[in-house]
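One letter stands for each residue in the lines below.
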Amino acid sequence: MSSPIPVTVLSGYLGSGKTTLLNHLLHEQTEWIVAVIVNDMSEINIDAGLIERGSMLSRTEENLVEMSNGCICCTLRDDLLQEVQRIAGQGGVDYILIESTGISEPIPVAQTFTYEDEESGIDLSGSCRLDTMVTMVDAARFWSDYTSGETLLERSQGAADDDEREIADLLIEQIEFCDVLVVNKTDLLEPEQVHRLTSMLRALQPNAEIIETAFGRVAPSSVLGTGKFSFDEALQAPGWLQELEQEHEPETEEYHISSFVFRSRIPFHSERLLEYLEAFPRQVIRAKGIIWCITRNDTALLLSQAGMSIQLEPVSYWVASLPDGQQQRTLEEQPELKASWDPVTGDKCTELVIIGQHLDQQQVIRELTACLLTEEEQQSGESDFHDPFPWLVSPHHHVNSGDEHPHA
């Protein structure tokens with residue numbers, strides 16, 4: 001059997017420069033016959049240096065463009081699975097380069113190459129190998145986008161009429177799941193501003209290689225054929241998760257970027273917590289973790305903050321809330337959980353990672369602690385508290401802080 005075709009995926013928010021980078025790679029790389037999958041073929045520079053004088057250019061009904069240097073461009077009008085399967089099946093291709101849409105999240109794209117699709121039955125893992133996940137960041141616009149508090153729909157960029165995603169959430173998804181971060185348009189900033197941005201990105205994504213550039217000019221070898229991608233490692237790469245597992249030591253004191261974990265075996269007073277989140281410290285760049293609230297005593301809640309976007313949602317039952325038999329089986333199957341089991345609260349706890357700039361850690365700890373139940377309140381039952389969460393109607397509750405983050 002032939003070796004699986006390596007694949008590089010370019011992600012990044014609209015306007016970050018993905019197409020410019022893609023054109024640069026097509027002109028500069030000479031090692032492979034490359035198949036390119038894009039969303040808008042009109043933006044690919046197929047008429048310049050890619051086509052030799054007198055070469056034939058053919059378009060098929062499948063929206064395929066084949067050029068004499070071996071490059072192939074396809075639009076993403078069809079399902080990605082079907083496009084990649086067709087390219088791999090027809091042969092004659094050494095590499096696949098995909099430019100994902102500016103509003104797409106990278107994890108579902110990566111899963112396309114990792115697992116068999118249940119609906120179509122297509123399994124690309126035998127014919128393709130995800131080599132590198134690249135995320136492009138617009139250095140000039142990043143902070144204004146990250147702190148805008150806007151949704152994709154508010155910018156008329158939603159994937160559908162019910163696309164409620166916020167810009168900051170999309171940006172953080174793209175940054176936290178990648179092997180290479182290309183910080184583009186650095187020519188529009190002062191060196192100090194670029195260094196401050198890359199320091200913040202390093203805190204959010206400690207594992208990725210960060211490349212600073214302008215006009216998408218990077219060495220092809222930095223994003224093609226790197227062999228960097230591992231799905232399991234990519235899932236463990238975010239800075240907040242490494243901080244939670246005590247593996248992450250930020251090298252960013254120069255720019256006052258710091259991180260810590262707030263832990264507690266006392267539940268939050270739900271109303272006080274939500275009130276605090278409404279005025280979350282503007283110095284917090286990223287916060288994520290599992291929290292315990294008294295009015296949802298049986299349920300672990302996931303708090304995720306990026307920029308002005310704060311989401312709070314139920315994710316699972318606490319093991320301590322399960323029937324005794326199921327609880328014991330779970331503890332036997334998960335020795336790491338048993339090792340951290342508390343004789344009173346079981347696995348119920350709060351573990352919240354905070355990453356910030358110019359952050360007063362002790363003040364944030366005091367403010368979060370003030371949201372926990374007091375000793376007197378701990379003597380009350382769950383029913384004695386008002387539950388402010390609307391999840392019987394909607395699976396998400398969004399709260400937005402009103403201040404922008406300092407970044408200049």
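This structure is a prediction, so every number in the text was calculated from the model and none was measured.

Counting secondary structure elements, the protein chain contains twelve helices and 15 strands. Burial status across the protein chain gives 52% buried among its 408 residues.

The next thing to look at is the confidence of the model for the protein chain. The predicted structure's coordinates, where accompanied by low pLDDT, should not be read in detail. When pLDDT is averaged across the protein chain, the result is 82; 83% of the residues are at 70 or more. A low-confidence stretch, residues 45-78 stays under pLDDT 50, and its non-local contacts, those more than four residues away or across chains, total 75 contacts. The low-confidence segment residues 392-408 (pLDDT under 50) makes 54 contacts with residues lying over four places distant or belonging to another chain.

To continue, consider the packing of aromatic side chains. A full pass over the atoms with the stated rule returns nine aromatic pairs. When the centroid spacing of 6.0 Å and the interplanar angle of 65 degrees are considered together, the rings of Phe177 and Phe229 count as edge-to-face. Placement of the pair is Phe177 in the loop between helix H5 (167-176) and strand S8 (180-184) and Phe229 in the loop between strand S9 (209-212) and helix H7 (231-235), with a sequence separation of 52 residues. The same class applies to Phe177 as to Phe229, namely buried. One aromatic cluster in this structure is built from Phe142, Trp143 and Tyr146.

Membership of the largest hydrophobic core comes to 32 residues, with the highest contact counts inside it found for Phe142, Tyr146, Leu181, Leu197, Met200 and Leu201. Of all the secondary structure elements, the ones that give two or more residues to this core are helix H4 (142-146), H5, S8, helix H6 (191-204), helix H8 (239-244), strand S10 (257-264) and strand S14 (350-357). Viewed by domain, this core spans two of them, domain 1 (5-233) and domain 2 (242-384), each represented by three or more residues. Not counting chain neighbours up to four residues away, the residues in contact with Leu197 comprise Ala139, Phe142, Trp143 and Val183.

Turning to H6, a few remarks are in order. With 14 residues, H6 should reach 20 Å at 1.5 Å per residue; the first-to-last C-alpha distance of 20 Å fits that figure. For H6, every residue scored as buried is listed here: Val194, Arg196, Leu197, Thr198, Ser199, Met200, Leu201, Ala203 and Leu204.

Attention now goes to unusual backbone geometry. Across residues other than glycine, the phi torsion is negative in most instances, and most of the peptide bonds are trans. Backbone geometry at Ser156 places phi at a positive 60 degrees, although glycine is not the residue there. Mapping Ser156 onto the fold places it in the loop between H4 and H5. Taking the relative accessible area as the measure of exposure, Ser156 reaches 69% and is therefore exposed. A positive phi angle, near 55 degrees, is found at His358, a position not held by glycine. Checked against the element boundaries, His358 lands in the loop between S14 and helix H12 (361-369).

Tallied over the entire structure, the rule returns twelve salt bridges. Two residues, Arg286 and Glu176, come together in a salt bridge whose shortest N-O distance is 2.9 Å. Separated by 110 residues along the polypeptide, Arg286 in strand S11 (residues 284-291) and Glu176 in helix H5 bring together distant segments of the chain. In this pair, the class of Arg286 matches that of Glu176, namely buried. Here Arg296 and Asp387 are joined by a salt bridge, their closest N and O atoms 2.8 Å apart. Of this pair, Arg296 sits in the loop between S11 and strand S12 (299-306) while Asp387 is found in the loop between H12 and strand S15 (397-400), placing the two residues 91 residues apart along the sequence. Linked through salt bridges whose partners overlap, the residues forming this network are Arg141, Asp145, Glu150 and Arg155.

Among the eleven residues that make up strand S7 (residues 128-138), ten are buried, leaving the element largely enclosed by the rest of the structure. Where strand S1 (residues 5-12) lies against S7, eight bridges are found, and the strand directions are parallel. Directly across from Pro6, in S7, lies its bridge partner Arg129. As paired elements, S7 and S8 share five bridges and run parallel to each other. Paired with Val134 across the bridge in S8 is Val180.

In this structure the tally under the stated criterion is one cavity of 30 Å³ or more. Along its surface, the largest cavity is lined by Tyr13, Ser16, Thr135, Met136, Val137, Asp138, Arg141, Phe142, Asp145, Leu171, Gln174 and Ile175. Residue assignment for the lining of the largest cavity shows that the elements contributing at least two residues are S7, H4 and H5. Element by element, the count of residues in the lining of the largest cavity is highest for S7, at four residues. Taken together, the residues of the lining of the largest cavity sort by class into six nonpolar, three polar and three charged.

Cysteine pairs can be linked by a disulfide, which is a covalent bond between their two sulfur atoms. Counting across every chain of the model gives zero disulfides. This cysteine, Cys293, is not joined by any disulfide, and Cys371 carries the nearest cysteine sulfur, 9.5 Å off. With relative accessibility at 0%, the residue Cys293 sits in the buried group. In this structure Cys371 comes out as buried when scored by relative accessible area, which is 5%.

This next bit is on the side chain of Thr151. Structurally, Thr151 can be placed in the loop between H4 and H5. When near neighbours in sequence (up to four residues on either side) are disregarded, Thr151 contacts Glu164, Arg165, Glu166 and Ile167.

Take the side chain of Thr135 next. Its location among the elements puts Thr135 in strand S7. Ignoring anything within four residues of it in the chain, the contact list for Thr135 reads Ser11, Gln174, Ile175, Phe177, Cys178, Val180, Leu181 and Val182.

With respect to the helices, strands and loops of the structure, Leu235 is situated in helix H7. On the accessibility criterion, Leu235 (35% relative accessible area) is partly exposed. Residues Leu235 and Glu176, spaced 59 residues apart in sequence, show a C-alpha to C-alpha distance of 8.3 Å. With sequence-adjacent residues up to four places away left out, Leu235 is seen in contact with Ile107, Phe177 and Leu241.

Thresholds, definitions, all that
- Residues numbered from 1 in each chain as written.
- Predicted model: local features only at pLDDT ≥ 70, side-chain atom pairs only at ≥ 80, totals over all residues.
- Heavy atoms only, no water.
- Helix = DSSP H or I, 4+ residues; strand = E, 2+ residues; numbered from the N terminus.
- Buried < 20%, exposed > 50% of the residue type's maximum accessible area, 1.4 Å probe, protein only.
- pLDDT = per-residue confidence, 0-100.
- Contact = heavy atoms within 4.5 Å.
- Phe/Tyr/Trp six-rings, centres within 6.5 Å; stacked < 30°, edge-to-face > 60°.
- Core = buried A, V, L, I, M, F, W, Y, C linked by side-chain atoms within 4.5 Å.
- Domains from an automatic or database assignment.
- Expected span 1.5 Å × (residues − 1).
- Salt bridge = Lys/Arg side-chain N within 4 Å of Asp/Glu carboxyl O.
- Pairing = 2+ DSSP bridges.
- 1 Å grid on protein atoms, 1.4 Å probe; cavity = no way out; pocket = protein on both sides within 12 Å on 5 of 7 lines; lining within 4 Å.
- Points joined across faces, edges and corners; volume = space filled by probe spheres on them.
- Nonpolar A, V, L, I, M, F, W, Y, C, P; charged D, E, K, R; others polar.
- Disulfide = S-S within 2.5 Å.

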